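Inside the fold
Each chain is listed here by its residues.
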Amino acid sequence: MSSTPTVSDIIDQRPLSGVQWWVLALCTLVVLLDGFDVQAAAFTGPAIAAAWDIDRAHMGPVYAAGLAGMAVGALLLGPLGDRYGRRPALLLSVLAFGGFTLLTAWAQNFEQLVAMRALTGMGLGGALPNTTALMSEYAPRRQRNLCIAITFLGIPLGGIIGGVLASWLLPRFGWPSVYIVGGLAPLALLPLLWRVLPESIAFLVTRRNLTEAAAILRRIDPDAALPAPTGGQDAPAERFPVRTLFAPGYAGDTLKLWATFFTNLIAIYFLISWIPTLVVEAGFAITYATWATVALNLGGAIGPLLLAHLTARRGTRHMLPAALLLAALSVVVTGRVHHSLPLLLTLVFCCGFFSFGAQISLNALTAYIYPTHARSTGVGWALGIGRIGSILGPLVGGLLLQMKLGLANYFLTFSTLLIAAALSAFTIRRHQPPA
């Protein structure tokens, strides 16, 4: 047996270096821009509906198209990260969602808008599994959950920044201005990513590119020897890494992860897509719709940090289902508040706190479960299956709105799905233990 320490050994034993801080900062920035662009349709939906004389309830296909694109992007670009590297797959994803977001500003009709949102979604869907895999492979074990949580803070932070920026841009420059800003920002980031972002050391080792792996590793530890493969669970990259998801020992957890992603993301994207409209439906001024979006994303920014700390200390077996059950409680109570804006905003904050927090813990758990040669694929396919389910969130929300069943029933429907997510999460076998 070789006495040479593995990549994981070296990374786990040292504090975060400059290289790792750069990876954390750049991955977080990519996800922030991802979060801005994925929620752009929610920010601009009421304004587009008014400008084009469309019933707000008929905007569901616009929201669903983006999510459909995200599903395809996660399913296709996740495996590309395992096949060709996290770095090229991530650069391609940023180019795609930046470019198509920018082109959305020139959509002339409803059909073009739906098409642009679908193409944007493909890039958005490819970014998340590759940032998750890259960050999990650069973070020390004791800080891995926190680093992934910080990375995924980009989604709610992008929502907060986008909500505030949209409230300023919309009345002054119209809805296309949101997509111009949302498209130019990731395109401007690309040169920095190209120059600074390193490839995953663990991926390089699986491809037997030990010289490049050692060069990056020595920026973390100048005395590090050539890295050995990262343990018995890892193998050279294979042509079809999806097969690993159904290999003995992984198949059951793969299906349970997919069920949890599916149900939780339905609820999350119902909230993201329809909270602004439902606030107006409850009788509050349209100005407060943006406040609700900010409250949802603020909760989603704080929740993952606290849950990452708790899951690092206690593991995910009980913390993850508990967070999903508290999300279900928050959602069902939100649907019964109609007259108090402060209470409504507080409850929307709690919805974001627990549902987003649970999702980030779930992403980290998925990266933990799968080996290096299938990690990006595992996260990508879980997100992709989840996106397929989340397409139903905006569509069912729009259907319920057209049926005029009342806010309580809208929220009760999605609360039930969160309870199902909690039950599915509890049955996963390979839960992350305390650090």
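Procedures and definitions
Residues numbered from 1 in each chain as written. Predicted model: local features only at pLDDT ≥ 70, side-chain atom pairs only at ≥ 80, totals over all residues. Heavy atoms only, no water. Helix = DSSP H or I, 4+ residues; strand = E, 2+ residues; numbered from the N terminus. Rg over C-alpha atoms; globule rule 2.2 N^0.38 Å. Buried < 20%, exposed > 50% of the residue type's maximum accessible area, 1.4 Å probe, protein only. Contact = heavy atoms within 4.5 Å. Areas by Shrake-Rupley, 256 points an atom, 1.4 Å probe, with all protein chains shown as cover. Lys, Arg positive; Asp, Glu negative; His and termini not counted. Charge placed at Lys NZ, Arg CZ, Asp CG, Glu CD. Axes fitted to C-alpha atoms, helices over the stretch in contact; angles between N-to-C directions. Left-handed = near helix turned anticlockwise from the far one by under 90°. Nonpolar A, V, L, I, M, F, W, Y, C, P; charged D, E, K, R; others polar. Core = buried A, V, L, I, M, F, W, Y, C linked by side-chain atoms within 4.5 Å. Polar contact = N/O pair within 3.5 Å; in protein donor to acceptor, adjacent residues only side chain to side chain. Patch = residues over 30% accessible without salt bridge, like charges linked within 9 Å, V, L, I, M, F, W, Y side chains within 5 Å. Salt bridge = Lys/Arg side-chain N within 4 Å of Asp/Glu carboxyl O. Bend = angle between axes of the 7 residues up to and from the residue. Phe/Tyr/Trp six-rings, centres within 6.5 Å; stacked < 30°, edge-to-face > 60°. Arc of directions from axis to C-beta.

**Remarks on the overall build of the protein**
Scanning the protein from terminus to terminus reveals 18 helices and zero strands. Against the compact-globule benchmark of 22 Å for 435 residues, the protein has a radius of gyration of 21 Å, which places it among compact chains. Seen through its C-alpha atoms, the protein measures out along the principal axes to roughly 70 × 45 × 35 Å. For the protein, buried positions account for 60% of its 435 residues. When contacts within the protein are restricted to residue pairs at least 6 apart in sequence, long-range pairs at least 24 apart make up 84% of them. Carbon and sulfur atoms form 67% of the exposed surface of the protein, whose accessible area is close to 16,300 Å². Between the averaged position of the 27 positive side-chain charges in the protein and that of its 17 negative side-chain charges there is a distance of 5 Å.

**Notes on the packing of helix α15 (residues 341–369) against helix α16 (residues 372–390)**
Interhelical geometry of α15 versus α16 gives an angle of 145 degrees and a closest axis separation of 8 Å. Crossing geometry of α15 relative to α16 is assigned as right-handed. Residues Q359, N363, T366 and A367 of α15 form the contact with α16, whose own contacting residues are R375, G378, V379, A382 and L383. Residue composition of the contact of α15 with α16, by class: four nonpolar, four polar and one charged.

**Quick look at the nonpolar core**
Among the nonpolar cores identified, the biggest contains 127 residues, and Y138, L193, I201 and F411 are the most heavily contacted of them. In terms of residue count, the dominant contributor to this core is α15 (16 residues). Not counting residues within four places of it along the chain, the set of residues in contact with Y138 comprises I11, V19, Q20, V23, P198, E199, S200, I201, I216 and I220.

**What to know about the side chain of T334**
Within the fold, T334 resides in helix α14 (residues 316–334). For T334, a relative accessible area of 2% corresponds to the buried category. Here the side chain of T334 touches S330 through a polar contact of 2.7 Å, landing on its backbone oxygen. Other than its neighbours up to four places away in sequence, T334 contacts L344, L347, V348, C351 and F411.

**Considering a nonpolar patch on the surface**
Judged by side-chain polarity, V72, L76 and M122 come together as a nonpolar surface patch covering roughly 230 Å² of accessible area. For M122, a relative accessible area of 30% gives the class partly exposed.

**Describing helix α8 (residues 154–173)**
Where α8 bends most, at A166, the angle is about 30 degrees. Of the positions making up α8, those classed as buried are G154, I155, P156, G158, G159, I160, G162, G163, A166 and L169. Following α8 by one or two positions, G174 adopts a phi angle in the positive range, close to 85 degrees.

**Description of the environment of L187**
As for its position among the elements, L187 is in helix α9 (residues 176–196). L187 gets classed as partly exposed once you look at its relative accessible area, which sits at 27%. Separated by 173 residues in the primary sequence, L187 and I360 place their C-alpha atoms 26 Å from one another. Ignoring sequence-local partners within four residues, the contact set of L187 consists of L95, G98, G99 and L102.

**As for unusual backbone geometry**
The backbone phi angle of D53 is positive, close to 55 degrees, even though this residue is not glycine. Inspection of the secondary structure puts D53 in the loop between α3 (40–51) and α4 (60–84). Judged by its relative accessible area of 73%, D53 falls in the exposed class.

**A closer look at the environment of Q112**
Mapped onto the fold, Q112 is located in helix α6 (residues 110–138). For the pair Q112 and I369, spaced 257 residues apart in sequence, the C-alpha to C-alpha distance is 40 Å. Excluding residues that lie within four positions of it along the chain, Q112 makes contacts with W106 and A107. A distance of 2.8 Å separates a polar atom in the side chain of Q112 from the backbone nitrogen of Q108.

**Remarks on the packing of aromatic side chains**
Under the counting rule described, the total for this entry stands at 11 aromatic pairs. Ring centres of W258 and W381 lie 6.1 Å apart, and the angle between their planes is 25 degrees; on these two criteria the pair is classed as stacked. With a gap of 123 residues between them, W258 in helix α12 (residues 251–281) and W381 in helix α16 connect regions that are remote in the sequence. Taking the relative accessible area as the measure of exposure, W258 reaches 13% and is therefore buried.

**Things to note about the pattern of salt bridges**
Opposite charge on two side chains permits them to pair, given that their charged atoms come into close proximity. Under the criterion given, the structure shown has three salt bridges. The salt bridge involving R86 is made with E137; its shortest N-O contact spans 2.6 Å. One end of the pair, R86, is in helix α5 (residues 86–104); the other, E137, is in helix α6, with 51 residues separating them in the sequence. In this structure, E137 and R375 form a salt bridge, with 2.8 Å as the shortest nitrogen-oxygen distance. Placement of E137 in helix α6 and of R375 in helix α16 is noted, with a sequence separation of 238 residues between them.

**Quick look at helix α11 (residues 210–220)**
Looking at α11, one finds that the buried residues are A213, A214, I216, L217 and I220. Looking straight down α11, one finds that the buried residues subtend no more than 170 degrees of arc, so they occupy a single side. Exposed residues pointing more than 90 degrees away from the buried face of α11 are listed as T211 and R219. Where α11 is buried, its residues contact α1 (7–13), α2 (18–38), α6 and α10 (201–206).

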